[in-house]
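Okay, here's what each chain looks like letter by letter:
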Amino acid sequence: MKLIVAFAALIAVALAAAVEEKTAQVLKYDSDVGVDGYSFQFDTSNGIQQQEKAELKKFADDVAALVVRGSYSYTGSDGQVYTVNYVADENGFQPEAAHLPKA
């Protein structure tokens, strides 16, 4: 009987976490869009945060592209907060984080 009660409690906690993810709300949102770039940031009620900034970079007289820098963080199922910093430029998408494997 104790095993059944413990199992039911574990399922209830798991379901509550899933519902929290589905009902997360945006707590903060800022955005700025310009001719030669943009920036935004947001925070949600389930602990997700992201910020990103892009700037137009000229590579040649007739070649220009956005260079994007940013980061995001979230709480994993293990309770640990994970943060990823990234750059996307002429060298592709380049994420860096302690939990990601190194090349």
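Because the structure is predicted, anything quoted here is derived from the model rather than measured.

S.K.: I'm lost on the sheet that holds strand 6 (residues 92-96) in this one. Help?
M.R.: Adjacent strands of a sheet form backbone hydrogen bonds with each other and so pair up, either parallel or antiparallel. Spatial strand order, 1-2-3-4-5-6: six strands in an open sheet with antiparallel pairing. In this open sheet, the two edge strands, each paired with only one partner strand, are strand 1 (26-34) and strand 6. Across this sheet, the average inter-strand angle for adjacent strands is 10°, counted without regard to direction. Relative to strand 2 (residues 37-44), strand 1 runs antiparallel, the two sharing eight bridges. Along strand 2, the bridge assignment pairs Asp30 with Gln41.

S.K.: Can you help me understand the environment of Phe40 in this one?
M.R.: Along the chain, Phe40 turns up in strand 2. Sequence-wise, Phe40 and Asp30 are ten residues apart; in three dimensions their C-alpha atoms are separated by 5.4 Å.

S.K.: Sorry if this is basic, but what is going on with the side chain of Glu52 here?
M.R.: Mapped onto the secondary structure, Glu52 falls in strand 3 (residues 49-60). Buried charged residue Glu52 carries no salt bridge. Nearest counter-charge: Arg69, at 11 Å. At a separation of 2.5 Å, a polar atom in the side chain of Glu52 contacts the side chain of Tyr86. With near-sequence residues (within four places) excluded, Glu52 lies in contact with Tyr38, Ser39, Phe40, Val68, Arg69, Gly70 and Tyr86.

S.K.: Is there a simple way to think about the side chain of Ser73 in this case?
M.R.: Examined against the element boundaries, Ser73 turns out to sit in strand 4 (residues 63-75). Of the residues examined, Ser73 reaches a relative accessible area of 9% and is grouped as buried. Sequence-distant contacts of Ser73, that is, excluding residues within four places in its chain, are made with Gly47, Ile48, Gln49, Val81, Tyr82 and Thr83.

S.K.: Help me out: how do you make sense of the environment of Asp36 in this one?
M.R.: In this structure, Asp36 sits in the loop between strand 1 and strand 2. Residue classification places Asp36 among the exposed positions, given a relative accessible area of 51%. In this structure Asp36 touches Ala54, Glu55 and Leu56, once residues within four positions along its chain are discounted.

S.K.: Is there a simple way to think about the packing of aromatic side chains in this case?
M.R.: The geometry of an aromatic ring pair is captured by two quantities: the separation of the ring centres and the angle between the planes. Taken as a whole and judged by the stated rule, the model has six aromatic pairs. Judged by centre distance (6.3 Å) and plane angle (5°), the rings of Phe40 and Phe42 are stacked. Taking 6.4 Å as the distance between ring centres and 20° as the angle between the ring planes, the aromatic pair formed by Tyr72 and Tyr74 counts as stacked. Tyr72 gets classed as partly exposed once you look at its relative accessible area, which sits at 32%. Here Tyr74 falls in the partly exposed class, since its relative accessible area comes to 29%.

S.K.: Where do I start with the confidence of the model for the protein chain in this structure?
M.R.: Low-pLDDT stretches of the model should not have their predicted coordinates read in fine detail. Looking at the protein chain, the pLDDT average stands at 85 and 81% of residues meet or exceed 70. Mean pLDDT in the protein chain bottoms out at helix 1 (residues 2-22), which sits at 52, and peaks at strand 2, which reaches 96.

Analysis parameters
As a convention, each chain's residues are numbered from 1 in the sequence order in which they are written. It should be noted that, the model being predicted, local features are given only for residues of pLDDT at least 70 and side-chain atom pairs only at 80 or more, the latter also being counted only at that level, while totals for whole chains, interfaces and linings use all residues. Water and hydrogen atoms were dropped before computing side-chain values, which therefore reflect all heavy atoms in the structure. Two strands qualify as a pair provided that DSSP identifies no fewer than 2 bridges between them. Put simply, DSSP H or I for four residues or longer makes a helix, DSSP E for two residues or longer makes a strand, and each gets a number counted from the N terminus. Axis angles are defined between N-to-C directions and span 0 to 180 degrees, where every axis is a line fitted to C-alpha atoms and, for a helix, only to the segment in contact. Partly exposed residues are those whose accessible area sits between 20% and 50% of the maximum for their type, while under 20% is buried and over 50% is exposed, using a 1.4 Å probe and protein chains only. Counted as positive: Lys and Arg. Counted as negative: Asp and Glu, with His and the chain ends omitted from the count. Any carboxyl oxygen of Asp or Glu that lies within 4 Å of a side-chain nitrogen of Lys or Arg is treated as forming a salt bridge with it. Here a polar contact is taken to be a pair of N or O atoms separated by no more than 3.5 Å, where protein atoms must pair a possible hydrogen donor with a possible acceptor and residues adjacent in sequence count only if both atoms sit in side chains. By definition, residues are in contact when any of their heavy atoms lie within 4.5 Å. Aromatic rings from Phe, Tyr and Trp, with only the six-membered ring used for Trp, were paired whenever their centres fell within 6.5 Å, and each pair was classed as stacked if the ring planes differed by under 30 degrees, edge-to-face if by over 60, and tilted otherwise. The pLDDT value tells you how sure the predictor is about a given residue, anywhere from 0 up to 100.

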